[in-house]
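Next come the chains, spelled out residue by residue.
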Amino acid sequence: MVDFRSLTLKQLRALTTTVEQGTVTAAAKALHLTPPAVTTQLKLLEKNIGAPIFDRSSDGFVPTEVGDEILAAAEMIENRLVLARERVEALVSGAAGTVVVGVVSTGKYFAPFIIAGFQKAFPNIRVKLSIGNRGEVISALERDEFDLAIMGRPPANVAVERSMLGDHPHVLIAPPDHRLAGDSHILVEDLLKERFLAREPGSGTRLLMERFLDRISHGRNFEVIEMGTNETIKQAVMAGLGLAIISAHTCYSELTEGKLAALQFSGLPLVRQWYLIRRSDHPPNKATEIFQSYLLEHRETFIPRV
């Protein structure tokens, strides 16, 4: 009866090395063993197989058909072990692994380019990208679901380390044929006559817009209509439903193509910062360190200037 459960790497290596070297003595030297030790491993292997592994009528160590099958299996095992060793060494050194990155929805316009560039440089490190609004990203950080996060204003209720990535300008957008488009002397009264489109309360752009309007209006009322996504806001502005303060990265293409216009007003654009965020209560893994270093080194390439 074949007893594969008792096969060992020592037995398989004794077989492959003896066939390669041609003699037990040469195999023993290659394996840094004594000839009796190699002979013992070959006998144990043959006992476990339950059939001859060498053709004893031939000169030298010529494997039988059974021996050839065991040799093929031994080669596959050795190759897989080499691959596993390389993989483990990569994991330990940080050249492989997984990094989970959370990005606020405004960053989705450039985050994929960061991931694509990183994957070309480090193909063995897998990056999982999760897009959400500010509240969702902060909640995930609180649950320790992200290795890193890309966002604007860092959360106040999570202990984090932050690294500045670049400017994050916000512009006041209007349809290109709007009455204020191209006007370099827009008055506060002109703006307060307009309807403003904004994201949900608590979002970064909503807070920024409200602070800006509160500052220029000095307590006067202004009309705000809530919309669910930046894409909806852009389409609504193009349709003439109102104005919006929005990330310039969000509407870069539409501004370039003339589908939207950025209005000129004192204090605009509102410039904030993009940050790379990591929880500070435990050290990062190697893959995360590599991703963080890569992004900080190439931030001027990936964070567009608008």
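Our subject is the structure listed above.
*Asks:* Hey, could you run me through the overall build of the chain in this one?
*Replies:* Counting its regular elements, the chain contains twelve helices and nine strands. A compact globule built from 306 residues should have a C-alpha radius of gyration of about 19 Å, whereas the chain, at 33 Å, is more than 25% larger. By its C-alpha atoms, the chain is 105 × 40 × 35 Å across when sized along the principal axes. Residues classed as buried in the chain amount to 43% of the 306 residues present. Of all intrachain contacts in the chain linking residues separated by at least 6 positions in sequence, the fraction that spans at least 24 positions is 74%. Surface summary for the chain: the accessible area is close to 16600 Å², and the carbon and sulfur share equals 53%. Each charge class in the chain can be summarised by its mean position, and for the 34 positive and 36 negative side chains these summaries are 4 Å apart.

*Asks:* In this structure, what is going on with the layout of surface pockets? I would like to understand it.
*Replies:* Think of a ball as big as a water molecule: rolled over the atoms, this probe shows where empty space is left. By volume, the largest pocket amounts to about 390 Å³. Taken together, 22 residues form the lining of the largest pocket, with Arg134, Gly152, Arg153, Gly204 and Thr205 sitting closest to its centre. Among the elements of the structure, strand S4 (160-174), helix H8 (204-217) and strand S9 (270-279) are those that each provide at least two residues to the lining of the largest pocket. A per-element tally of the lining of the largest pocket places H8 first, with five residues. Of the residues in the lining of the largest pocket, the class split is six nonpolar, ten polar and six charged.

*Asks:* Teacher, can you tell me more about the packing of aromatic side chains here?
*Replies:* The description of an aromatic ring pair uses the distance of the two centres, along with the angle that the planes make with each other. For the coordinates displayed, the defined rule picks out eight aromatic pairs. With 4.8 Å between their ring centres and 70 degrees between their planes, phenylalanine 118 and phenylalanine 291 make a pair best called edge-to-face. Of this pair, phenylalanine 118 sits in helix H5 (residues 111-121) while phenylalanine 291 sits in helix H11 (residues 286-297), and the two are 173 residues apart along the sequence. Of the two residues examined, phenylalanine 118 and phenylalanine 291, each falls in the buried class. Here the aromatic residues Phe118, Phe122, Phe291, Tyr294 and Phe302 are joined through ring pairs into a cluster of three or more.

*Asks:* Looking at this structure, I do not really get the nonpolar core. What am I missing?
*Replies:* Burial of nonpolar side chains together is a common tendency in soluble globular proteins. Ranked by internal contacts, the top residues of the largest apolar core, which has 33 residues, are Ile150, Phe291 and Leu295. Counting only elements with at least two residues in this core, the list comes to strand S1 (97-104), H5, strand S2 (125-132), helix H6 (134-142), strand S3 (148-151), S9 and H11. Ignoring sequence-local partners within four residues, the contact set of leucine 295 consists of Ile114, Ile150, Leu165, Leu276 and Phe302. Listed in part, the 18 residues of the second largest apolar core include Leu180, Ile186, Leu191 and Leu263.

*Asks:* So what exactly am I meant to see when it comes to the environment of proline 176 here?
*Replies:* For proline 176, the location among the structural elements is in the loop between S4 and helix H7 (188-192). In this structure the C-alpha to C-alpha distance between proline 176 and alanine 261, which are 85 residues apart in sequence, comes to 4.9 Å. Those residues in contact with proline 176, other than ones at most four positions away along the chain, are Ala181, Gly258, Lys259, Leu260 and Ala261.

*Asks:* I'm lost on a nonpolar patch on the surface in this one. Help?
*Replies:* A surface patch of nonpolar side chains, amounting to about 210 Å² of accessible area, comprises Leu9, Ile77 and Leu81. Of note, leucine 81 is situated in helix H4 (residues 65-93).

*Asks:* In this structure, what is going on with the pattern of salt bridges? I would like to understand it.
*Replies:* Pairs can form between side chains of opposite charge whenever their charged atoms are close. Inspection of the entire model under this criterion finds 14 salt bridges. With a closest N to O distance of 2.6 Å, glutamate 145 and arginine 143 form a salt bridge. Salt-bridge contacts for arginine 199 lead to glutamate 200; the nearest nitrogen and oxygen are separated by 3.1 Å. Residue arginine 199 is classed as buried on the basis of its relative accessible area, which comes to 8%. Because the salt bridges share partners, they merge into one network encompassing Asp144, Arg279 and Asp281.

*Asks:* I keep staring at the side chain of serine 247 and nothing clicks. Help me out?
*Replies:* Summarising the element assignment, serine 247 is placed in strand S7 (residues 244-247). Excluding residues that lie within four positions of it along the chain, serine 247 makes contacts with Thr106, His168, Pro169, His170 and Thr205.

What counts as what
- Residues numbered from 1 in each chain as written.
- Predicted model: local features only at pLDDT ≥ 70, side-chain atom pairs only at ≥ 80, totals over all residues.
- Heavy atoms only, no water.
- Helix = DSSP H or I, 4+ residues; strand = E, 2+ residues; numbered from the N terminus.
- Rg over C-alpha atoms; globule rule 2.2 N^0.38 Å.
- Buried < 20%, exposed > 50% of the residue type's maximum accessible area, 1.4 Å probe, protein only.
- Contact = heavy atoms within 4.5 Å.
- Areas by Shrake-Rupley, 256 points an atom, 1.4 Å probe, with all protein chains shown as cover.
- Lys, Arg positive; Asp, Glu negative; His and termini not counted.
- Charge placed at Lys NZ, Arg CZ, Asp CG, Glu CD.
- 1 Å grid on protein atoms, 1.4 Å probe; cavity = no way out; pocket = protein on both sides within 12 Å on 5 of 7 lines; lining within 4 Å.
- Points joined across faces, edges and corners; volume = space filled by probe spheres on them.
- Nonpolar A, V, L, I, M, F, W, Y, C, P; charged D, E, K, R; others polar.
- Phe/Tyr/Trp six-rings, centres within 6.5 Å; stacked < 30°, edge-to-face > 60°.
- Core = buried A, V, L, I, M, F, W, Y, C linked by side-chain atoms within 4.5 Å.
- Patch = residues over 30% accessible without salt bridge, like charges linked within 9 Å, V, L, I, M, F, W, Y side chains within 5 Å.
- Salt bridge = Lys/Arg side-chain N within 4 Å of Asp/Glu carboxyl O.

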